[in-house]
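Residue-level structural notes
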2 protein chains.
Amino acid sequence: MEELRNAQEIKDFLLQIINDHKNKESILHPFDISKELEALRKLDEESYKFICKKMPSELFAEILCEMPTYIQEEIPSIISDTKIANITSKMDSDDASTLIYNISQIDEEVAENILSKLDKEDQKIIEQLNSYEDYEAGSYMQSELFYVSIDENIGKALKRLKKQKEENILDNIFHAYLIDNNRKFLGAIGLEELILYEHSQKFDEIAKDKITEYSINHKEDISEVVEMFAHYNLSALAVVDDENRLIGRITHDDIHDIIQQQDTKQLYSLAGVNDEAEQEESLYLIGKNRAFWLGINLITAILASIVIGLFDATIQSLVALAVLMPIVASMGGNAGTQTLTVTVRQMALGEISYTDAKKTIYKEVIISLVNGFLFALVIGIIAYFWFKIPLLGLVIAMSMIINLLSAGFFGAVIPIILEKFEIDPAIGSTVILTTVTDVVGFFSFLGLATLILL
Amino acid sequence: MEELRNAQEIKDFLLQIINDHKNKESILHPFDISKELEALRKLDEESYKFICKKMPSELFAEILCEMPTYIQEEIPSIISDTKIANITSKMDSDDASTLIYNISQIDEEVAENILSKLDKEDQKIIEQLNSYEDYEAGSYMQSELFYVSIDENIGKALKRLKKQKEENILDNIFHAYLIDNNRKFLGAIGLEELILYEHSQKFDEIAKDKITEYSINHKEDISEVVEMFAHYNLSALAVVDDENRLIGRITHDDIHDIIQQQDTKQLYSLAGVNDEAEQEESLYLIGKNRAFWLGINLITAILASIVIGLFDATIQSLVALAVLMPIVASMGGNAGTQTLTVTVRQMALGEISYTDAKKTIYKEVIISLVNGFLFALVIGIIAYFWFKIPLLGLVIAMSMIINLLSAGFFGAVIPIILEKFEIDPAIGSTVILTTVTDVVGFFSFLGLATLILL
């Protein structure tokens, strides 16, 4: 699809979409429509509001769940609570609960009001989904799923599925979930197996080895769910409560989003950025969060300066030291960042665990030691030719080895220790590491210079 | 499953698995078996080789494709080419081609020999899959899929599916792919739709709106495929050749792996680490690749030192400058890394594009300017009270503003320019950025000090 960049063109295009939808002719994917609507919002706010008001609830339900948090948050300022309730009632439960949650973050009362306009059943489900913590599997599930009773006739169950699909209650179905009379989860049968059975057969005639029993407790950590999807190539996973009753499912497309969110969080954390704050539209909120980590960095930088200050007399007598000292600190910071990043990532991917810790530290120490000797040689020679002081070459070479060694050691040890204490090893580890490499770098270089050169 | 840590226990456990498999009783997922086999390899190489030799080809096919590259590479040194060929023939085409590719990276001749033992059809498919470039959709597809002719009877097609599933030719089926007599792709019908039709109906009786037409050309960039899966919540995507003939499919579980690989590459690139090298077992290869980026960093650190060297007389007359100067550089480096990381990530997630470039740069400049003033004030006051030289506070405050401003500007501009020239913005951008923030930081601080203080 070619990009429309003019506000009027986008507006006309969206009006056409609305028209097509009313005639049941729409073929564009809701994601693509949401992108156009978002573009219109940037170009012409009035037209954007006009389109929002004109959009039929059924279509808006599909589009709104594709849109970013800040747009969901501001929706009550554009359309009525009653229409939002209507839209919400047409969403899948996971999307509906996210919308209500986002609105509640701005105005609790409006969210309550919208919720009160929904029917009791929907209210209960949304409240339940929003009662989970961020990291719990339950907060990612949807309650819409295709469940069947073990003594049911396959054909009859499929008729029900057909009806529920026509009513837009169910879609993205990968399994029929088998439950007993108390809604206890018995297993899942994939559609690719089920389709091979005759409609006249019953579910209890299905061969045992066609039924998978993977499920997850609703309170389990979502990272556990991501691992199960990755390891077992799942399409969807049943979520059960503490009594093993089937209460929802998580589908593979949610997992994509979770993986990307987790990876973004990891990358941002290592760079001293808060992933949630960066989603905001307000430059003030983004800037404030970045300032927090810059403030922490300032403290560690001052710490490094205090170390340098200990040796001011040494520097005074040989200014070449001031010229060379950032090299040692910089190389340590870089080598440490390499180690830290690899360790954090491999821990996140489950490639190294606490039991492998010794091996990882050993590996990193060896690598950094070898590179330490290599760059000690290089910088030693350069420093010698630059300042013509043989012992200065020796000093910088020695401190390079010391700093790269400690960079490798601490780059591996810091995230492993944080993980051991159940602290996210990506958050804050960079600052701790650079404090170490700066302090060790400056101290070893200036300390050795004081001992050897003066 | 509890972890087995003793070599003998793992060996016995795996022997039991092999036995169960022969009796068709195995219920453990191949991924879990692969983890045990990997653990055994670390603990006791002889037992590992013994188990590899004993493992039936059918079971080994499922396990080997779960194992890391370096284990696949060394497999020819443990079992015969004939057995590897046998194992390969039982794998899905994408896994088979990966195995042959990995083996060929170590010994081209062995790979050729294994390939020659396969039947002509398999040979052709594997060679075709391995002829694609890394980034092409075709290199991620598998050729096994369930295709049906538009004028075929549904029941008849499902019988074929049943047979192919029983023969382990097909699994993980999400769609029936409709093709015409020339194998041209007509569309895909999801099993959740197909299951609602009577077996006596024909495919051309299926309602048009139940058929999806998404497909991707085999030469298209894989990142395009990842985006389609993310935007349209796909389970599988048809791959077509230049004549629109159906030649394969990519499934959602491949996409998980690709997302994680892409994210790992991005994270590693920003930290100056090569993701492929880190997969190696050899410390030499890992260390060599890290040394490359450390070498580049050394050059930029020396560049910064040369800048400092320009002002050696200034430092000589006021050593406080040497004490404070790393603070300005460090804060610039940090602020720049924040901006760079967010920009690179948001470009990768498609949240900002080249057309948004101006807006992104504007946003980053505003944030860094505000934080620049904030930290200028803080460090200005600290420097004043530390060294009791009012103008020193002014100098460091001014250079803090200059360096944070340039950090924000270049942190956004560098990746945008790299992207414009179709260079991966994650690779090398950190080094370019820290060169800028170091040089600007030292030059502005020492330069202003020379002008104002002396």
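Residues numbered from 1 in each chain as written. Chains lettered and ligands numbered in written order. Predicted model: local features only at pLDDT ≥ 70, side-chain atom pairs only at ≥ 80, totals over all residues. Heavy atoms only, no water.

Per an unreviewed UniProt entry, chain A carries the name Magnesium transporter MgtE and comes from Malaciobacter mytili LMG 24559. For chain A, the Subunit (unreviewed entry) comment in UniProt is given as "Homodimer." Here chain A is described in UniProt, under the heading Sequence similarities (unreviewed entry), as follows: "Belongs to the SLC41A transporter family." (UniProt positions renumbered as here; feature names shortened; annotations may be inferred.)

Each copy superposes on the other: chain A lies on chain B with an RMSD of 0.1 Å after a rotation of 180° and an axial shift of 0.0 Å. Look at the turn and shift together and you get a two-fold axis relating the two. (Least-squares fit on C-alpha atoms with pLDDT ≥ 70 in both.)

Turning our eyes to something else, we now look at the sheet that holds strand β6 (residues 236–240) of chain B. All names here are of chain B. Strand order in the open sheet formed by 3 strands is β5-β6-β7, and the pairing between neighbours is mixed. In the strand order of this sheet, the two ends are held by β5 (215–217) and β7 (246–251), each with one partner. Averaged over all adjacent pairs, the angle separating strand axes in this sheet is 35°, with direction ignored. (Pairing = 2+ DSSP bridges. Helix = DSSP H or I, 4+ residues; strand = E, 2+ residues; numbered from the N terminus. Axes fitted to C-alpha atoms, helices over the stretch in contact; angles between N-to-C directions.)

Further remarks concern the packing of aromatic side chains. Scanning all chains against the criterion turns up 17 aromatic pairs over all chains. Centre to centre, the rings of Tyr177 of chain A and Phe185 of chain A are 6.3 Å apart; their planes meet at 50°, and the pair counts as tilted. When its relative accessible area of 7% is taken as the criterion, Phe185 of chain A is described as buried. On the basis of an interplanar angle of 15° and a centroid distance of 5.0 Å, the ring pair of Trp386 of chain A and Phe387 of chain A is categorised as stacked. Among the residues examined, Trp386 of chain A registers a relative accessible area of 30% and is labelled partly exposed. Judged by its relative accessible area of 23%, Phe387 of chain A falls in the partly exposed class. The rings of Phe31 of chain A together with Tyr214 and Tyr232 of chain B are connected pair by pair, giving a single aromatic cluster. For the cation-ring pair, Lys11 of chain B lies above Phe50 of chain B, with the distance from its terminal atom to the ring centre recorded as 4.7 Å. (Phe/Tyr/Trp six-rings, centres within 6.5 Å; stacked < 30°, edge-to-face > 60°. Buried < 20%, exposed > 50% of the residue type's maximum accessible area, 1.4 Å probe, protein only. Lys NZ or Arg CZ within 6 Å of the ring centre and 35° of its normal.)

A few words on the interface of chain A and chain B. Opposite the 99 residues of chain A that make contact, chain B presents 99 residues. Of the roughly 8,900 Å² buried at the junction of chain A and chain B (both faces included), carbon and sulfur atoms supply 64%. Connecting chain A to chain B are 6 salt bridges. Between Arg290 of chain B and Glu364 of chain A there is a salt bridge; the shortest N-O distance is 2.7 Å. Ranked by residues supplied to the side of chain A that touches chain B, first place goes to helix α17 (residues 320–348) of chain A with 17 residues. Looking at the side of chain A that touches chain B, its residues break down into 54 nonpolar, 26 polar and 19 charged. (Contact = heavy atoms within 4.5 Å. Buried area = accessible area lost by both parts, 1.4 Å probe. Salt bridge = Lys/Arg side-chain N within 4 Å of Asp/Glu carboxyl O. Nonpolar A, V, L, I, M, F, W, Y, C, P; charged D, E, K, R; others polar.)

Once that is clear, we can look at a negative patch on the surface. Residues and elements named next belong to chain A. Where like charges cluster on the molecular surface, the negative patch consists of Asp107, Glu108, Glu109, Glu112 and Glu127. The element best represented in the negative patch is helix α8 (residues 108–116), accounting for 3 residues. Counting through the fold element by element, Glu108 comes out in helix α8. (Patch = residues over 30% accessible without salt bridge, like charges linked within 9 Å, V, L, I, M, F, W, Y side chains within 5 Å. Areas by Shrake-Rupley, 256 points an atom, 1.4 Å probe, with all protein chains shown as cover. Lys, Arg positive; Asp, Glu negative; His and termini not counted. Charge placed at Lys NZ, Arg CZ, Asp CG, Glu CD.)

Another aspect to go through is the pairing of β6 of chain B. Residues and elements named next belong to chain B. Within β6, 5 of the 5 residues are buried, which leaves it mostly tucked inside the rest of the structure. Across the two faces of β6 the burial is the same, with Ala236, Ala238 and Val240 and Leu237 and Val239 all buried. On the question of chirality, the crossover connecting β5 to the parallel β6 by way of helix α12 (residues 222–232) is right-handed. Where β6 folds back on β7, the antiparallel hairpin that results is connected by 5 residues, among which Asn244 adopts a positive phi of roughly 65°. (Right-handed = clockwise from strand over helix to strand, strands pointing away.)

A separate point is the domain arrangement of chain A. Residue and element names in this part refer to chain A. Entries for chain A in the domain assignment read domain 1 (7–131), domain 2 (147–261) and domain 3 (275–453). Each of domain 1 and domain 2 has a C-alpha centre, and the two are 28 Å apart. Overall, the association of domain 1 and domain 2 removes approximately 220 Å² of surface from exposure, summing both partners, and the carbon and sulfur fraction of that is 10%. Where domain 1 packs against domain 2, one counts 0 salt bridges. On inspection of domain 1 and its partner domain 2, the count reaches 0 residue pairs in polar contact (both at pLDDT 80 or more). (Domains from an automatic or database assignment. Polar contact = N/O pair within 3.5 Å; in protein donor to acceptor, adjacent residues only side chain to side chain.)

Residues apart from glycine generally show negative phi values, whereas peptide bonds are mostly found in trans. Its identity as a non-glycine residue notwithstanding, Lys388 of chain A has a phi of 55°, on the positive side. One non-glycine residue, Asn244 of chain B, lies in positive phi territory at about 65°. Turning to its location among the elements, Asn244 of chain B is positioned in the loop between β6 and β7. Judged by relative accessible area, Asn244 of chain B falls into the partly exposed class, the value being 31%.

Residues and elements named next belong to chain A. When the UniProt feature table is mapped to this numbering, "transmembrane region" (unreviewed entry) covers residues 291–311, 317–344, 365–387, 393–418 and 430–453. Helix makes up 90% of residues 291–311 and strand 0%, and the two end C-alpha atoms of the span are 30 Å apart. Across residues 365–387, helical content stands at 100% and strand content at 0%; the span's end C-alpha atoms are separated by 31 Å.

This part covers the packing of α17 of chain A against helix α17 (residues 320–348) of chain B. Viewed as axis vectors pointing N to C, α17 of chain A and α17 of chain B meet at an angle of 25°, and their least axial separation amounts to 10 Å. On the basis of the axis angle, α17 of chain A is roughly parallel to α17 of chain B. For the crossing formed where α17 of chain A meets α17 of chain B, the hand is right-handed. On α17 of chain B, the residues that touch Ala322, Met325 and Pro326 of chain A of α17 of chain A are Ala322, Met325 and Pro326 of chain B. Residues of the contact of α17 of chain A with α17 of chain B, tallied by class, amount to 6 nonpolar, no polar and no charged. (Parallel < 35°, antiparallel > 145°, perpendicular 65-115°, else oblique. Left-handed = near helix turned anticlockwise from the far one by under 90°.)

Bringing a nonpolar patch on the surface into the picture now. Residue and element names in this part refer to chain A. Side chains of Leu374, Leu377, Val378, Ile381, Tyr384 and Phe385 sit close together on the surface and give an oily, nonpolar patch of about 550 Å² of accessible area. Structurally, the position occupied by Phe385 is in helix α18 (residues 357–387). Relative accessible area serves as the criterion here: at 53%, Phe385 is assigned to the exposed category.

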